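Structural overview for review
The lines below spell out each chain.
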Amino acid sequence: MLLIRALIFDFDGLILDTEGPIYHSWLEVYEAHGVALPFELWVKTVGSSNQAFHPQHHLEAQLGRPLAQEVIDRRVDRRVELVLAQPLLPGVAGLVDEARAARLKVGVASSSSRDWVNGHLGRLGLLDRCDCIRCRDDVEHVKPEPDLYLAVIDCLGVPATEAVAIEDSPNGIAAAKRAGLLCVAIPNPITAGLDLGAADLRLGSLAEVTLQQLLDRLSDNP
Ligand SMILES: [Mg+2]
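Reading guide: rules and limits
- Residues numbered from 1 in each chain as written.
- Predicted model: local features only at pLDDT ≥ 70, side-chain atom pairs only at ≥ 80, totals over all residues.
- Heavy atoms only, no water.
- Salt bridge = Lys/Arg side-chain N within 4 Å of Asp/Glu carboxyl O.
- Buried < 20%, exposed > 50% of the residue type's maximum accessible area, 1.4 Å probe, protein only.
- Helix = DSSP H or I, 4+ residues; strand = E, 2+ residues; numbered from the N terminus.
- Pairing = 2+ DSSP bridges.
- Right-handed = clockwise from strand over helix to strand, strands pointing away.
- Donors = N, O, S within 2.8 Å, 3.2 Å for Na, K, Ca; no water.
- Domains from an automatic or database assignment.
- Contact = heavy atoms within 4.5 Å.
- Buried area = accessible area lost by both parts, 1.4 Å probe.
- Disulfide = S-S within 2.5 Å.
- Patch = residues over 30% accessible without salt bridge, like charges linked within 9 Å, V, L, I, M, F, W, Y side chains within 5 Å.
- Areas by Shrake-Rupley, 256 points an atom, 1.4 Å probe, with all protein chains shown as cover.

**A closer look at the pattern of salt bridges**
Note on pairing: side chains with opposite charge can pair once their charged atoms come close. According to the stated counting rule, one finds 11 salt bridges in the structure shown. Overlapping salt bridges, with partners in common, bring together Asp10, Lys143 and Glu167 in one network.

This is how it looks when you write it as structure tokens:
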């Protein structure tokens, strides 16, 4: 029987489907310039940072000139517009409530900035329901390195073996497993076709299970 004392959620693509909006905001810019945006390059950024693939620098290299500041600003506005239209992903709020009721700790580990994550969590009513949030501002290396998960379990005072990470991307799953956590994969349309096989369990959505069912399924998949 597993002793689990903490659930640690990824943010982008797991709590909120920001991955689709971010991708589509760049795809629109690429299409407007008649340049292809290769999906296999794009997915390197998912769950990590622009260090793996920088969409602006890549497009500028293809064009042989810098993008106009107006284009860059409009892309950021478009991303925000598309993200704000997204609802919380199914089952997230319910699982957070169940975890808190069961006296589990709730954490968030995100490769994005603190402003981005805290801003959206606050808007969605989740900020006060998290015991600890660690973002790229808090660590030297983002996912797939384990730093973010190690920082959250340290903050929560829970050993890695008693924490479950919930992730949507290969980079996030790799980070959780390198930190020694159990990991549940919940793919979204951007990550559904990627290799999520390093996770201990894969579900279609968090709405498919109660907290107890989630823990039972993890126990069944040692
Ligand atoms: Mg993610």
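**What about the pairing of strand E2 (residues 105-109)?**
Extensive coverage of E2 is indicated by the burial of 4 of its 5 residues. In this structure, E2 lies alongside strand E3 (residues 132-134), joined through 3 bridges in parallel fashion. Bridging across to E3, Ala109 finds its partner in Arg134. Taken together, E2, helix H6 (residues 114-123) and E3 form a β-α-β motif whose crossover is right-handed.

**What to know about the coordination of the magnesium ion**
On the protein side, the magnesium ion has Asp10 (OD), Asp12 (O) and Asp168 (OD) as donor atoms, found 2.0 to 2.2 Å from it. Along the chain, the residues donating to the magnesium ion fall in the pattern D-x1-D-x155-D. The pair Asp10 / Asp12 is uniform in exposure class, with both members buried.

**What about the domain arrangement of the protein chain?**
Along its sequence, the protein chain is organised into domain 1 (6-16 + 88-220) and domain 2 (19-84). The partner domain 2 presents 14 residues to the 17 residues of domain 1 that form the contact. Taken together, the two surfaces of domain 1 and domain 2 that pack against each other cover about 1,200 Å², and 67% of this comes from carbon and sulfur. Contact with domain 2 buries area across many residues of domain 1, yet Trp116, Asn171 and Ile190 alone supply 44% of it, more than any other trio. In this assembly, domain 1 and domain 2 are joined by 0 salt bridges.

**A closer look at the state of the cysteines**
Enumeration according to the criterion identifies 1 disulfide in this entry. A sulfur-sulfur distance of 2.3 Å marks the disulfide that ties Cys132 to Cys155. Across the S-S bond linking Cys132 and Cys155, the dihedral sits near 130°, which makes this disulfide right-handed. With Cys132 in strand E3 and Cys155 in helix H7 (residues 147-156), this pair connects stretches of sequence that are 23 residues apart. Overall, Cys132 belongs to the buried group, its relative accessible area being 3%. For Cys155, a relative accessible area of 34% gives the class partly exposed. Cys135 carries a free sulfur, and the closest cysteine sulfur to it, the one in Cys132, is 9.1 Å from it.

**Concerning a nonpolar patch on the surface**
On the surface, a nonpolar cluster with roughly 200 Å² of combined accessible area is contributed by Val76, Val80 and Leu84. Positionally, Val80 belongs in helix H4 (residues 69-84). Given the relative accessible area of 34%, Val80 is considered partly exposed.

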